[in-house]
Amino acid sequence: MTLLSTLLGRQKSGVANACKEVDELEREKEEALRPLTSGIMETGMDESGDYKRQVSNESLKDPQVQALSQQLKEWINDVLTDDHIVVKNLCEDLSDGQVLSALIEKLAGAKIEHKEVAQSIASQKAKLTEVLNQINYHLQVADDGIKWNVDNIHNKYLISVLHLLVALARHYGIPRRLPSFVKIQVLQITKATQQTETISEQITGDEEREHYNFAARQQERDVFDTLFDSAPDKLNAVKGSLMAFANKQLSQINRGCSNIEEDFSNGVNLVVMMSLAEGYYVPMYSFSMEPEAYDHKLHNVTLALNLMQEAGIPRPKCTAESIVSKDLKSTLRVLYAIYSKYKHLVK
């Protein structure tokens, strides 16, 4: 065999292997898109507290439950297409935190350091804890509104997985409308007496309204959209006015700012401005005065937005992530919201 024929043979073999990998990925995606059946839906069990809970067989066969699970699975696969991740079974594939980690990084631009594949149960739960903490941060759900936890997700409990994914889909927007008023029947067993009862768990509400409201919010234009699109010549004047207001506030504790995008991206000045305007002290342990890590900056900005909300300031059209990412329009929106509430303080 000549050298040329050997090289050509290797080249053909390499191409064939590449084609085989592509075909395999396509087959996995096709398999993942097949409708769910009760035979392949891993549902797990919730054993927290005084009860054991498990999804009833009737609910596994419910077309609404299957449609919801299928749409959420397709949405995840669409979001993670570039990462070559294919989810086939929601409960099984999300249980170790790897897919959820990739999903929140893609949706929110979050940075999760714990990237390696976890093998042991302890390491999987450690990673899952970190990922769920990030997700809860971004969703900004009150503690009593969180319907998932590390144990339930790791135990592949379908109801917790669906609650989590529906919350993410609503927050970040899903192209398709989810089924409305999906309920799951749960078999609840009292551990002490082994008494069994069936309870109903509401997973979705009026999703048509939710979908419409999200689309409407995305389409709403405000003064800053107009300013950036139609009056860029006035942008510097607005930045100057907001900068002057911020410096007037911050000068009370010998702080200042010179670059709007940079000087508010870590959240410190926003927290300080709110505390000065409202006349209270924010404990040093509740935020980082010199944040370096992305997570610490995100925590500070989230805290500032929560303080604004508690003060009755309408939520600006922005996210904490966009402020940390130094998005000028988002930062101007936040500063303008604070200015509108407290401009009377500046003399």
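All of these numbers come straight from a predicted model, not from anything done at the bench. (Residues numbered from 1 in each chain as written. Predicted model: local features only at pLDDT ≥ 70, side-chain atom pairs only at ≥ 80, totals over all residues. Heavy atoms only, no water.)

Draft legend 1. Geometry of the overall build of the chain. Helix and strand counts for the chain stand at 16 helices and three strands. For the chain, the computed accessible surface area is about 18,800 Å², with 50% contributed by carbon and sulfur atoms. (Helix = DSSP H or I, 4+ residues; strand = E, 2+ residues; numbered from the N terminus. Areas by Shrake-Rupley, 256 points an atom, 1.4 Å probe, with all protein chains shown as cover.)

Draft legend 2. Quick look at the packing of helix 5 (residues 98-108) against helix 8 (residues 158-172). Between helix 5 and helix 8, the least distance of the axes is 11 Å, while the angle of their chain directions is 15°. Relative to helix 8, the element helix 5 lies roughly parallel. Crossing hand, helix 5 versus helix 8: left-handed. The segment helix 5 lies against helix 8, with Leu100, Leu103, Ile104, Leu107 and Ala108 engaging Leu164, Leu165, Leu168 and Tyr172. Here the residues of the contact of helix 5 with helix 8 are counted per class, giving nine nonpolar, no polar and no charged. (Axes fitted to C-alpha atoms, helices over the stretch in contact; angles between N-to-C directions. Parallel < 35°, antiparallel > 145°, perpendicular 65-115°, else oblique. Left-handed = near helix turned anticlockwise from the far one by under 90°. Contact = heavy atoms within 4.5 Å. Nonpolar A, V, L, I, M, F, W, Y, C, P; charged D, E, K, R; others polar.)

Draft legend 3. Geometry of the layout of surface pockets. Here the second largest pocket is characterised by a volume of approximately 180 Å³. Put simply, the parts of the chain that give the lining of the second largest pocket at least two residues each are helix 8 and strand 3 (196-202). Top contributing element to the lining of the second largest pocket by residue count: helix 8, with three residues. Here the lining of the second largest pocket is built from residues that sort into five nonpolar, four polar and four charged. (1 Å grid on protein atoms, 1.4 Å probe; cavity = no way out; pocket = protein on both sides within 12 Å on 5 of 7 lines; lining within 4 Å. Points joined across faces, edges and corners; volume = space filled by probe spheres on them.)

Draft legend 4. Representation of helix 6 (residues 121-139) within the structure. End to end, helix 6 covers 26 Å across 19 residues, agreeing with the expected 27 Å (1.5 Å per residue, within 8%). Inspection of helix 6 places Gln124, Lys127, Leu128, Val131, Leu132, Gln134, Ile135, Asn136, His138 and Leu139 among the buried residues, and these make up the whole buried set. A positive backbone phi angle near 55° is found at glutamine 140, which sits one or two residues after helix 6. (Expected span 1.5 Å × (residues − 1). Buried < 20%, exposed > 50% of the residue type's maximum accessible area, 1.4 Å probe, protein only.)

Draft legend 5. Representation of the pairing of strand 3 in the model. Pairing geometry for strand 2 (residues 183-190) and strand 3, over seven bridges, is antiparallel. By the bridge assignment, leucine 187 is partnered in strand 3 with threonine 198. If you look at the hairpin formed by strand 2 and strand 3, you'll find five residues sitting between the two strands, and glutamine 194 has a positive phi there, around 65°. (Pairing = 2+ DSSP bridges.)

Draft legend 6. Spatial organisation of the nonpolar core. Formed by 46 residues in total, the largest nonpolar core has its most connected members in Leu72, Ile76, Leu100, Leu165 and Leu168. At the level of elements, helix 3 (63-79), helix 4 (90-94), helix 5, helix 6, helix 7 (150-154), helix 8 and strand 2 are the ones that each hand at least two residues to this core. Tallying contributions element by element places helix 8 first for this core, with eleven residues. If you look at the next biggest cluster of nonpolar residues, it comprises 42 residues, including Cys257, Ile260, Met273 and Leu335. (Core = buried A, V, L, I, M, F, W, Y, C linked by side-chain atoms within 4.5 Å.)

Draft legend 7. Looking closely at the environment of alanine 192. Within the secondary structure, alanine 192 is located in the loop between strand 2 and strand 3. On the basis of relative accessible area, alanine 192 is assigned to the exposed category, the value being 74%. Taking the C-alpha atoms as reference points, alanine 192 and tyrosine 51, 141 residues apart in sequence, are found 8.4 Å from one another.

Draft legend 8. Structural context of the sheet that holds strand 1 (residues 51-55). Read from one edge to the other, the open sheet built from three strands follows the order 1-2-3, with strand pairing classed as antiparallel. Unpaired on one side and paired on the other, strand 1 and strand 3 mark the two borders of the sheet. Put simply, the sheet's adjacent strands are angled 35° from each other on average, direction ignored. Helix 8 contacts strand 1, strand 2 and strand 3 of the sheet and is inclined by roughly 140° relative to strand 2.

Draft legend 9. Region of the structure containing the packing of aromatic side chains. Counting across every chain of the model gives three aromatic pairs. Ring geometry for phenylalanine 224 against tyrosine 336: centres 5.7 Å apart, planes inclined by 75°, an arrangement best described as edge-to-face. Remark: tyrosine 336 occurs in helix 16 (residues 328-342) and phenylalanine 224 occurs in helix 10 (residues 223-230); sequence separation between them is 112 residues. Since its relative accessible area comes to 5%, phenylalanine 224 is described here as buried. On the basis of relative accessibility, which here comes to 38%, the residue tyrosine 336 falls in the partly exposed class. Judged by centre distance (5.3 Å) and plane angle (85°), the ring pair of phenylalanine 245 and tyrosine 339 falls under edge-to-face. (Phe/Tyr/Trp six-rings, centres within 6.5 Å; stacked < 30°, edge-to-face > 60°.)

Draft legend 10. Spotlight on unusual backbone geometry. Phi is positive for lysine 156, close to 65°, though the residue is something other than glycine. Within the secondary structure, lysine 156 sits in the loop between helix 7 and helix 8. Even without being a glycine, asparagine 254 presents a positive backbone phi close to 60°. Assignment of secondary structure puts asparagine 254 in the loop between helix 11 (235-250) and helix 12 (260-263).

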